[in-house]
Amino acid sequence: MKHKGELASPVAVTNRINKKKGERTKRDFRGGEAVALGSIIPITLVIVWEIFSRIGVFPAYQLPAPSAIVETIREMAQDGSLWNHIGITTFRVLVGFVLGTIAAVILGSFVGFYKKAEQLFDPMIQAFRSIPSLAWVPLFILWMGIGEPSKITMIAVGVFFPVYLNIVSGITGVDRKLIEVGKMYGLNTFQLIKRVILPAALPSFLVGLRSGLGLGWMFVVAAELMGASKGLGYLLVLGQNTLSPETIIASIILFAIIGKLSDWILKLVEKRALSWQDSFVPR
Amino acid sequence: MSLELRNVSRLFDGKQAVNNISFFAEHGEIIGLLGTSGCGKSTLLRAISGLDSDYDGDIAINGNTEKEIQDTTGFIFQEPRLFPWLTVLDNVTFGLKGDKKGKIVRAKEYLKNVGLEESGELYPRQLSGGMAQRVAIARALVTSPEILLLDEPFSALDAFTKMQLQDLLLDIWKAYKSTIVLVTHDIDEATYLCDRIIILRGQPGELHKEIRIKDPRPRDRASKQLATYKAEILESLDLNVKTS
């Protein structure tokens, strides 16, 4: 059935491709319009900012001009230090995110599937959750030193909770009616989990992943502020210590870009995986 | 396949929902379970299906009284209950075993039976209520159940779709001759479809009366004969006279 294209005549195939292309350009055009509309205000603000900085309304030692910030980024890119900082920060977030997610998936599935596990683990996890995660920082540094392990643990803790909570609520929230349908077809527990419960819990899991990733980026800043010799968070400290606001703002902008980029990747995954959902009807 | 209930009762937290129900359904018979809400019709159906095994008494499917879900039983629920992450075709093949090609061929045949051969690639969100219920019918029938249980399957549909699907059910029944137990509160539906109507009354629900409808199919929905049956049913449910 998937090979329908191979059997169809070349003409039909070209026709279909053309049609698809037509749809794509149309959608791109509409997307382009949205982007254009959305960028009017930021672009205007940047221009106003540049002008005010040039004529000296904003003093350069407090708020440098956008062009100065871009220049800072360009210089860092040229001497290679930029990629170093971005690389190490992204690496920390990625490793922390993966570790936190794995822990959350294992514990969350247990708690979601087994009532006993819920009674055993959930109260404790909820209690830990009410501790502001940043409060762990001194303890982790004390335990693991100032190197990578403490930072990555920090991030993993931040990622863990949203992913865990969403997995549990996803699994416990699966419609009993759908489970009954599965049972009517004689599925055993394992098949039920694989064919009904997991797909039904997937939307919630993906929501958890996205908010977990967001928290991961938040926590990497905290971890790198506490003590690092590399990374975007280190640039923040460096900028503060060397009285160069352009470095700080450059770092903030880079955080925004990479954070948005990683979220966008997850969003693409979500869109692919959840194309069956009502809310993903293309408008 | 025959179905027999012997002294079936069901307690919910000490409260009796159905009490001492016995009846026998022959192979290929269409039985209607009719009654006002709360008299335990659905409870009874769930016990027959095996989804609920905490009943007292015996339910024998071809003589087998195990309180388990049997793969010869199909269930059509009040709602379509399609899996939203599967396409229509995948929903229909869900309960089938065997190789993929064979499953798809079979599913397509049944989709054609319910008039949806073009809609296999759609997702449930893209279907209307009537279409979704057709898919649910195809999904239940594709495994060739010898006993088909229906729990108010058409009650959420508009009158026209309902009549269409009732006829569809009869067509399919004619072709496959399953034994059907239909729970309904729609008297017209019961008189139009069933060979025998079992009326449950009271709380807990008890077997009140059995009405055999011998009229040949296809029946005329507007016929005097069916109207007489309807009057008889209304009478026995005490719905004609307002008491208390």
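Everything quoted here is computed from the prediction, not taken from an experiment.

This brings us to the overall build of chain B. Summing up its helical and strand segments, chain B has seven helices and nine strands in all. Against the compact-globule benchmark of 18 Å for 244 residues, chain B has a radius of gyration of 18 Å, which places it among compact chains. Summarising its shape, the C-alpha atoms of chain B cover approximately 55 × 40 × 30 Å along the three principal directions. Looking at chain B alone, contacts between residues at least 24 apart form 68% of all its contacts between residues at least 6 apart.

A few words on the environment of R134 of chain B. All names here are of chain B. On the secondary structure map, R134 appears in helix α4 (residues 129-141). Taking the C-alpha atoms as reference points, R134 and E206, separated by 72 residues in sequence, lie 32 Å from one another. Those residues in contact with R134 that sit more than four places away from it in its chain are V114, L116, Q164 and L165.

Across the contact, 24 residues belong to chain B and 20 residues belong to chain A. Roughly 2100 Å² is buried in total at the junction of chain B and chain A, and carbon and sulfur atoms are behind 66% of that figure. Considering only the side of chain B, the residues that lose the most area to chain A are W85, F94 and R125 of chain B, jointly responsible for 37% of the buried surface there. At the surface where chain B touches chain A, the tally comes to three salt bridges. Of the charged contacts, one joins R81 of chain B and E180 of chain A as a salt bridge, the two residues approaching to 2.9 Å between their closest N and O atoms. Here chain B is connected to chain A by nine residue pairs in polar contact (both at pLDDT 80 or more).

Residues and elements named next belong to chain A. Running from N to C, helix α9 (residues 189-226) and helix α10 (residues 232-241) cross one another at 50°; their axes reach a closest spacing of 7 Å. Between α9 and α10, the crossing angle belongs to the class labelled oblique. Both α9 and α10 take part in a crossing whose hand is right-handed. Within the contact between the two elements, α9 uses V221, E224 and L225 and α10 uses L232, G233, Y234, L236 and V237. Of the residues belonging to the contact of α9 with α10, the class tally is six nonpolar, one polar and one charged.

Turning our eyes to something else, we now look at α9 of chain A. Residues and elements named next belong to chain A. The end-to-end C-alpha distance of α9 is 47 Å, clearly below the 56 Å that 38 residues give at a rise of 1.5 Å each. The largest bend in α9 comes to about 45°, at L202, with the proline P203 one to four residues further on. Backbone nitrogen of F190 and a side-chain oxygen of the N-cap are separated by 3.2 Å at the start of α9; the cap is N188.

Let us look at the packing of aromatic side chains. With the rule as written, the count across this model stands at 14 aromatic pairs over all chains. Pairing F83 of chain B with W85 of chain B gives two aromatic rings, centres 5.4 Å apart and planes at 45°, and the pair type is tilted. A residue is classified by how much of its surface remains accessible, and F83 of chain B, at 0% relative accessible area, is buried. Aromatic side chains F83 of chain B and F94 of chain B sit 4.4 Å apart centroid to centroid with 35° between the ring planes, which places their arrangement in the tilted category. Note that F83 of chain B is positioned in the loop between β5 (73-76) and α2 (88-93) and F94 of chain B in the loop between α2 and α3 (100-113), a separation of 11 residues in sequence. A relative accessible area of 3% means that F94 of chain B is categorised as buried. By the ring-pair criterion, three or more aromatic residues cluster together here, those being Y185 and W276 of chain A together with F83, W85 and F94 of chain B. Over the ring of W173 of chain B we find K177 of chain B; its NZ or CZ atom is 3.9 Å from the centre of that ring. Residue placement shows R217 of chain B over the ring face of W173 of chain B; its charged tip is 4.7 Å from the ring centre.

Residues and elements named next belong to chain A. By the assigned domains, chain A splits into domain 1 (4-54) and domain 2 (66-280). Residue-level contacts link four residues of domain 1 with four residues of domain 2. Interface of domain 1 and domain 2: buried area, both sides summed, is about 320 Å²; carbon and sulfur atoms make up 70% of it. Taken together, the connections running from domain 1 to domain 2 amount to zero salt bridges. Linking domain 1 with domain 2 are one residue pair in polar contact (both at pLDDT 80 or more). Among the residues forming the side of domain 1 that touches domain 2, the class breakdown is two nonpolar, no polar and two charged.

Right, let's get into the sheet that holds β5 of chain B. Within a sheet, adjacent strands bond to each other through the backbone by hydrogen bonds, running parallel or antiparallel. Residues and elements named next belong to chain B. Pairing in this open sheet of six strands is mixed, and the strands run β5-β6-β7-β3-β8-β9 from one edge to the other. Edge positions in the open sheet fall to β5 and β9 (206-212), since each of these has one partner strand only. Within this sheet the neighbouring strands show an average axis-to-axis angle of 20°, counted without direction. Sheet topology note: the β5/strand β6 (residues 147-151) ladder contains four bridges and is parallel. Paired with F75 across the two strands is L149, which belongs to β6. In this fold helix α1 (residues 41-49) packs onto β3 (30-34), β5, β6, β7 (179-184) and β8 (196-201), with an angle of close to 150° to the strand it touches most, β6.

This paragraph deals with the pattern of salt bridges. Once the charged atoms of two side chains with opposite charge are near each other, the side chains can pair. Evaluated as defined, the whole model comprises 22 salt bridges over all chains. For R74 of chain A, the salt bridge is made with E71 of chain A, and the minimal N-O distance between the two is 3.1 Å. With R74 of chain A and E71 of chain A both in helix α3 (residues 66-78) and three residues apart, the pair spans about one turn of that helix. Taking relative accessible area as the criterion, R74 of chain A reaches 42% and is therefore assigned partly exposed. The salt bridge involving R196 of chain B is made with E210 of chain B; its shortest N-O contact spans 2.8 Å.

Reading guide: rules and limits
- Residues numbered from 1 in each chain as written.
- Chains lettered and ligands numbered in written order.
- Predicted model: local features only at pLDDT ≥ 70, side-chain atom pairs only at ≥ 80, totals over all residues.
- Heavy atoms only, no water.
- Helix = DSSP H or I, 4+ residues; strand = E, 2+ residues; numbered from the N terminus.
- Rg over C-alpha atoms; globule rule 2.2 N^0.38 Å.
- Contact = heavy atoms within 4.5 Å.
- Buried area = accessible area lost by both parts, 1.4 Å probe.
- Salt bridge = Lys/Arg side-chain N within 4 Å of Asp/Glu carboxyl O.
- Polar contact = N/O pair within 3.5 Å; in protein donor to acceptor, adjacent residues only side chain to side chain.
- Axes fitted to C-alpha atoms, helices over the stretch in contact; angles between N-to-C directions.
- Parallel < 35°, antiparallel > 145°, perpendicular 65-115°, else oblique.
- Left-handed = near helix turned anticlockwise from the far one by under 90°.
- Nonpolar A, V, L, I, M, F, W, Y, C, P; charged D, E, K, R; others polar.
- Expected span 1.5 Å × (residues − 1).
- Bend = angle between axes of the 7 residues up to and from the residue.
- Phe/Tyr/Trp six-rings, centres within 6.5 Å; stacked < 30°, edge-to-face > 60°.
- Buried < 20%, exposed > 50% of the residue type's maximum accessible area, 1.4 Å probe, protein only.
- Lys NZ or Arg CZ within 6 Å of the ring centre and 35° of its normal.
- Domains from an automatic or database assignment.
- Pairing = 2+ DSSP bridges.

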